[in-house]
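# Descriptive analysis of the structure
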Amino acid sequence: MMSLACKPVELMAIILARDIRDGEKGAAGIAAAVPNAAMFLARRLHAPNFSICGELVVNPKPKCLYASVSDHRYHYGAEAEEGFLELFGSSHKGLDFWFHSGIQIDKYGNVNLHLLGSVERPTFRGPALANVSFAVTSKRFYLYPMVHNRRVFVDKVDFISVPGNLQGPESKAMAGLRNEGPRLCVSPLAVMDFDPVTLRMRLRSVHEGHTVDEVLANTGFDLIVPDRVPITEPPTEEELRVLREEVDPNGLLRSY
Amino acid sequence: MMSLACKPVELMAIILARDIRDGEKGAAGIAAAVPNAAMFLARRLHAPNFSICGELVVNPKPKCLYASVSDHRYHYGAEAEEGFLELFGSSHKGLDFWFHSGIQIDKYGNVNLHLLGSVERPTFRGPALANVSFAVTSKRFYLYPMVHNRRVFVDKVDFISVPGNLQGPESKAMAGLRNEGPRLCVSPLAVMDFDPVTLRMRLRSVHEGHTVDEVLANTGFDLIVPDRVPITEPPTEEELRVLREEVDPNGLLRSY
Amino acid sequence: MGQLHTDSRQFSDTEKFGKNRERTTKIASVDEVVGLIKPGCKLGLGGALHESRPVALVREVVKRRIGDLSVYSGPVAGYDVDLLIGAGLVKETFIPAITFESHGLAPNFREAVEGGLVKAHILDVLTVVGGLMAAALGLPFFPIAALKGTDEVKYNPLIKKFTPPFGDEDIYAVQPIAPDVVLLHAAESDPFGNIRNYGAFRSVDQLLAKAGKTVIVSVDKIVSPETIMQDPYRTTIPCVYIHKVVEIPYGAHPTASPSIYSMDDDHIAEYWQAAELKRTGRNPEAFGGYLRRYVDEPESIYRYLELVGGMRKLVELEKEERQL
Amino acid sequence: MGQLHTDSRQFSDTEKFGKNRERTTKIASVDEVVGLIKPGCKLGLGGALHESRPVALVREVVKRRIGDLSVYSGPVAGYDVDLLIGAGLVKETFIPAITFESHGLAPNFREAVEGGLVKAHILDVLTVVGGLMAAALGLPFFPIAALKGTDEVKYNPLIKKFTPPFGDEDIYAVQPIAPDVVLLHAAESDPFGNIRNYGAFRSVDQLLAKAGKTVIVSVDKIVSPETIMQDPYRTTIPCVYIHKVVEIPYGAHPTASPSIYSMDDDHIAEYWQAAELKRTGRNPEAFGGYLRRYVDEPESIYRYLELVGGMRKLVELEKEERQL
């Protein structure tokens, strides 16, 4: 069975690709191999009118998978290059979706990429991130933590680089966050979504070969677990074939 | 004598050229054959480091004289093309100088290009003008009325499209106009400047073949006339040669 | 809050999307795009003066007598706006300067404004650029700090004085300018709306495309997607801002399409004469004659091009452009 | 008021200007331009991440130990800012993200910030773009309406919340970012400073050039004025914004100069290893060794280029770039 040979990051890309609809607009920033794979896969499988845009380049068609818009080989076959002023505009108007990983993600889907400890004297200073707006102004965003453990999945992030659902519906409304916010959190172990009432993270499916208990043991907060948790639908042959032959022929994802 | 054959508009261009210094920045807008001739003449005669910029094109080197930056033959040999956002910035930061003609010019050097009568129901609607800021933000500007009569030289303009010295030093300061403002008004009959105390227009020199009385008869306000009014220094042979052979070989100015 | 989000979460990992693997083009017919322009709308016209103006589309607006328009434009306009005004289709203009430059003042514009039929709002280029910037960037306003001493600020309907959060002098704010429909003319586009335009005024087209709600572009030529991909830096407006593309050869005539043909000064002079004869009362029928001949009667762009001088004239204008 | 103007009116129609008919170039030496960079100044670095960075000029700043710097940059930085920090020359950074991407986090940056030696201000790309825009356009501030819910706004030192003159929600204003000296690297310039640069981040160079008080550009190659005039649309920064141009072949190495050479991943990895060995205490001398070898000892760019692999390496990086 193909899915057995499928690497977790490949599965993550496939799950994210499935949620992209034809005609939408989206992008990812730097250090984003998984979202890039998802977007190029979606365009090849079911969303030929999906546009990558908003982040300096429009509809690149790279020959293989690159991690970042800052790698200009990623720009191959683009239809246009844009400047930072266009990025400023797109950041205000928003896209359909955006992606974030994080050094911490909490139960409301808030993202920390800045630091651990205090702002004045952090115990750990992360890379931070340049764009804290796209996720907020876009209709929705996706979380794709590259590891699933209690250091990443924390009860409350030390610093909100990018707001998810803040501290729930009231605080989200107060902050003027009117979009959907985080829709899915796709990790190497499972797929999470957010409870529509409490806006807290909820287990949605567990990847083949993993268990609900394993997920809970690696999650540092009270994850909502429904009565029935299905296995994540495995990749189809076509999904995996297109991902490996057309999107990522050099096997960047398999090297993770 | 060469100067006898010199057309008034040619003389106007030469007088304006003499006041442009090496290393300065300046430009003119549309319908501006005289300023364009002045700028290209200055660059050839004594100001090789004078830059035309701020108005969509940087340092064009047209093969002959054109009236307007909107004629793209004017852009020949340019070093760069800019956009309206750069024009916005240049309009805020100002150049060294700018030029204006006008349907009315008053004794304080205020310029009207919009309308005669009332704004609500003008008896005459002029072409107006797009940029009302360059003259104000630039260190100084020049007036070059194409005719000198009482319909143009009025006591008070019906509408201030571009402020000169408003109603004198106090009103100018009140409006936050801190630059020199209009320096010279060069007409087909004479050269005017502005009295440093009252900021009112003052006769400076009269072109060869014209008289102080003729100027006064054609000016609709009390022009300040000093005790001694010299003849405008006639064009040198070199000025006229370069103007006609290099700047305006097609004789656009001579056709006016 | 929770409720609000329920619908958009009604998805399934295995939901099947249409297996529509072909990208859809944005190429449309003139009828289709002109149908998007409604009477009373805010209409934004690209280019400036007599360069890169979407004249063929404007002629279709006139032909269908789509009226009551609020007209925005690149900061200086002439022929096409005067034509719309002459046909009685314009309620108000938000254009800093309207002129025929060396030909003279704009006859229909003058007549209509002096007669109180059209409201010509008083504003300047910074207002237009700032207003388009605000709309293009998704900002509620754009600051302008270079308006001093001019009477314009007393009448400009789009600006407001305010005390800025930084700086020690009051400045102006302009509200967003977001036309309902923007019409542009460009040299080239691919079928998906990746646009290449040229000339001194292309930056205003870039702003209009980002500021407008519906953006329609007539192009002299549709080129292949590969042509565009070969040099993405030459794309001046990416497809994501464009709704429809119409191929109309010489669609900017009698204005210029930089890189392809120069403006047709003779035709603009013919127009100006007709409009000026009407304005001065010397021949009240002259402008109506122009309208009938060049706008209402030609059943196609090709018939129009024959009327304005046909191949001979067009080759001449292309030649003039190549000799730049 | 009258007095104020007297001086500037002291001119004569016949005043003789220097009959200096040759246009002066902006070409300068490395020593000359680095002399313009003062300790304690606000330094703005062009490019972003590992593309189009003015690294050769930064090495000269390090060599001369010009310190106490406030560093601004394209919105994402890595190698060169980490180098400046490692040499102890940086007081504070105004850069949204600092990373070596696939290589790891920025070792000297982390160590200095976690050790309280460098203040890493928290801000985002819109703050940088807006701040540069305000300075570039001559505005007292620039509005930002897309910052919501992030903790960034509590710490960002350049922004302030305010009630806008139009719109019904409070938004932010960013003050102008106007570096004292801006260092850029570009592919080409003519002797007068008409710049052509390439790559994904060139638009931030365009902003920095307009925002900076003194703008210095290193270029791989000086080209003729005729080359520039042949296609003015390819000029990305016109001469009027540029103060000095220095020709430094491979002046962006080990970062990329798009269109000429790719980034040197091997050298960046070598640097990262040295800095990380020092940070983790595994080899406290490693970074000092790097500094001596690549910054302090080489007496010329050519010696530096030999040390990083010479012609063989450079040809390889050029080849990589051509195969894009």
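These figures come from a predicted structure and were not determined experimentally.

## Section: the packing of aromatic side chains
Considering all chains together, one arrives at 42 aromatic pairs over all chains under this definition. Each ring, one from Phe-84 of chain A and one from Phe-201 of chain D, has its centre 6.2 Å from the other, and the planes form 20 degrees; the classification is stacked. Of this pair, Phe-84 of chain A sits in helix 4 (residues 84–93) while Phe-201 of chain D sits in the loop between strand 11 (195–196) and helix 8 (202–211), each in a different chain. For the residue pair Phe-84 of chain A and Phe-201 of chain D, the accessibility class agrees, reading buried in each case. Ring centres 5.0 Å apart and planes at 85 degrees place the aromatic pair Tyr-271 of chain C and Tyr-290 of chain C in the edge-to-face group. Within this pair, whereas Tyr-271 of chain C is found in helix 10 (residues 265–279), its partner Tyr-290 of chain C is found in helix 11 (residues 286–296), the two being separated by 19 residues in sequence. Tyr-271 of chain C gets classed as buried once you look at its relative accessible area, which sits at 0%. One Lys or Arg, Arg-59 of chain C, reaches over the ring of Tyr-304 of chain C and ends 3.4 Å from the middle of that ring. Over the ring of Phe-166 of chain C we find Lys-160 of chain D; its NZ or CZ atom is 4.6 Å from the centre of that ring.

## Let's talk about the pattern of salt bridges
Under the defined criterion, the tally for this structure stands at 72 salt bridges over all chains. Note that Arg-183 of chain B is salt-bridged to Asp-19 of chain B, the shortest N-O span being 2.9 Å. Placement of Arg-183 of chain B in strand 12 (residues 181–186) and of Asp-19 of chain B in the loop between helix 2 (8–18) and strand 1 (25–26) is noted, with a sequence separation of 164 residues between them. With respect to burial, Arg-183 of chain B and Asp-19 of chain B carry one shared label: buried. Between Asp-31 of chain D and Arg-64 of chain D there is a salt bridge; the shortest N-O distance is 2.3 Å. One end of the pair, Asp-31 of chain D, is in helix 2 (residues 30–34); the other, Arg-64 of chain D, is in the loop between helix 3 (55–63) and strand 2 (69–73), with 33 residues separating them in the sequence. Salt bridges linked by common partners bring Asp-19, Glu-24, Arg-140, Glu-180 and Arg-183 of chain A together as one network.

## Examining the interface of chain C and chain B
Taken residue by residue, the interface counts 48 residues in chain C and 45 residues in chain B. Summing both sides of the interface, chain C and chain B together bury roughly 3800 Å²; the carbon and sulfur share of this comes to 66%. On inspection of chain C and its partner chain B, the count reaches two salt bridges. Across the pair Glu-320 of chain C and Arg-73 of chain B runs a salt bridge, and its minimum N-O distance is 3.7 Å. Where chain C meets chain B, there are 15 residue pairs in polar contact (both at pLDDT 80 or more).

## Side note on the side chain of Glu-82 of chain B
Residue placement: Glu-82 of chain B occurs in the loop between strand 4 (80–81) and helix 4 (84–93). Despite being buried, Glu-82 of chain B has no salt bridge partner; Lys-210 of chain D is the closest side chain of opposite charge, sitting 4.8 Å away. In terms of polar contacts, Glu-82 of chain B uses its side chain to reach the side chain of Tyr-241 of chain D, at 2.8 Å. In this structure Glu-82 of chain B touches Gly-54, Leu-56, Val-57 and Val-58 of chain B, Ala-200 of chain C together with Lys-210, Pro-238 and Tyr-241 of chain D, once residues within four positions along its chain are discounted.

## So, helix 3 (residues 33–45) of chain A
Within an α-helix, residues lying three or four positions from one another point in the same direction, as the helix has 3.6 residues per turn. Over its 13 residues, helix 3 of chain A extends 18 Å from the first C-alpha to the last, a length consistent with the 18 Å expected when each residue adds 1.5 Å. For helix 3 of chain A, the elements touching its buried residues are helix 2 (8–18), strand 1 (25–26), strand 2 (51–52), strand 5 (97–100) and helix 8 (237–247) of chain A.

## Section: the environment of Val-119 of chain A
Within the secondary structure layout, Val-119 of chain A lies in the loop between strand 8 (115–117) and strand 9 (122–125). Sequence spacing of Val-119 of chain A and Asp-158 of chain A is 39 residues, and the spatial spacing of their C-alpha atoms is 9.1 Å. Ignoring any residue separated from it by four or fewer positions in sequence, one finds Val-119 of chain A in contact with Phe-159 of chain A together with Ile-122 and Tyr-155 of chain D.

## A few points about the sheet that holds strand 11 (residues 153–154) of chain B
Residues and elements named next belong to chain B. The strand order 7-6-11 describes an open sheet built from three strands, whose pairing is mixed. The open sheet has two edge strands with one neighbour each: strand 7 (111–112) and strand 11. Relative to strand 7, strand 6 (residues 104–106) runs antiparallel, the two being bridged by two bridges. Bridge assignment links Gln-104 to a residue of strand 7, and that residue is Asn-112.

## Quick word on unusual backbone geometry
In this structure, the amide linkage connecting His-253 of chain C to the following residue, Pro-254 of chain C, adopts the cis form with an omega of 10 degrees. Position of Pro-254 of chain C relative to the elements: it lies in the loop between strand 13 (244–247) and helix 10. We note that Ala-128 of chain A has phi near 60 degrees; this positive angle belongs to a residue other than glycine. Here Ala-128 of chain A is to be found in the loop between strand 9 and helix 5 (134–137). You will see that Glu-101 of chain D, though not glycine, has its phi angle at about 45 degrees, which is positive. Locating Glu-101 of chain D in the fold gives a position in the loop between strand 5 (97–98) and helix 5 (107–114). Residue classification places Glu-101 of chain D among the partly exposed positions, given a relative accessible area of 24%.

## Topic: the packing of helix 4 (residues 79–86) of chain D against helix 10 (residues 265–279) of chain D
Residue and element names in this part refer to chain D. Interhelical geometry of helix 4 versus helix 10 gives an angle of 30 degrees and a closest axis separation of 11 Å. Where helix 4 crosses over helix 10, the handedness of that crossing is left-handed. Seen from helix 4, the contacting residues are Tyr-79, Asp-82 and Leu-83; seen from helix 10, they are His-267, Tyr-271 and Ala-275.

## Thoughts on the packing of helix 4 of chain B against helix 6 (residues 125–137) of chain C
Where helix 4 of chain B contacts helix 6 of chain C, the axes come no closer than 10 Å and their chain directions differ by 125 degrees. As judged from the angle between their axes, helix 4 of chain B and helix 6 of chain C are oblique. Between helix 4 of chain B and helix 6 of chain C lies a crossing whose hand is left-handed. Contact with helix 4 of chain B, carried on its side by Phe-84, Leu-85, Leu-87, Phe-88, Ser-91 and His-92 of chain B, involves Val-125, Leu-126, Val-129, Gly-130 and Met-133 of chain C of helix 6 of chain C and no other residues of that element.

## Some points on the domain arrangement of chain C
All names here are of chain C. Per the domain assignment, the segments of chain C are domain 1 (30–121 + 179–321) and domain 2 (125–174). Between the C-alpha centres of domain 1 and domain 2 there is a distance of 28 Å. Between domain 1 and domain 2, the residue contacts involve 10 residues of the former and nine residues of the latter. Summing the contributions of domain 1 and of domain 2, the shared interface buries around 810 Å²; its carbon and sulfur component is 87%. Its largest share of buried area at the contact with domain 2, domain 1 owes to Phe-94, Leu-207 and Ala-211, together 47% of the area lost on that side. Taken together, the links from domain 1 to domain 2 amount to zero salt bridges. Viewed at the interface, domain 2 and domain 1 are joined by zero residue pairs in polar contact (both at pLDDT 80 or more). It is helix 8 (residues 202–211) that contributes the most residues to the side of domain 1 that touches domain 2, five residues altogether.

About the thresholds
Residues numbered from 1 in each chain as written. Chains lettered and ligands numbered in written order. Predicted model: local features only at pLDDT ≥ 70, side-chain atom pairs only at ≥ 80, totals over all residues. Heavy atoms only, no water. Phe/Tyr/Trp six-rings, centres within 6.5 Å; stacked < 30°, edge-to-face > 60°. Helix = DSSP H or I, 4+ residues; strand = E, 2+ residues; numbered from the N terminus. Buried < 20%, exposed > 50% of the residue type's maximum accessible area, 1.4 Å probe, protein only. Lys NZ or Arg CZ within 6 Å of the ring centre and 35° of its normal. Salt bridge = Lys/Arg side-chain N within 4 Å of Asp/Glu carboxyl O. Contact = heavy atoms within 4.5 Å. Buried area = accessible area lost by both parts, 1.4 Å probe. Polar contact = N/O pair within 3.5 Å; in protein donor to acceptor, adjacent residues only side chain to side chain. Lys, Arg positive; Asp, Glu negative; His and termini not counted. Expected span 1.5 Å × (residues − 1). Pairing = 2+ DSSP bridges. Axes fitted to C-alpha atoms, helices over the stretch in contact; angles between N-to-C directions. Left-handed = near helix turned anticlockwise from the far one by under 90°. Parallel < 35°, antiparallel > 145°, perpendicular 65-115°, else oblique. Domains from an automatic or database assignment.

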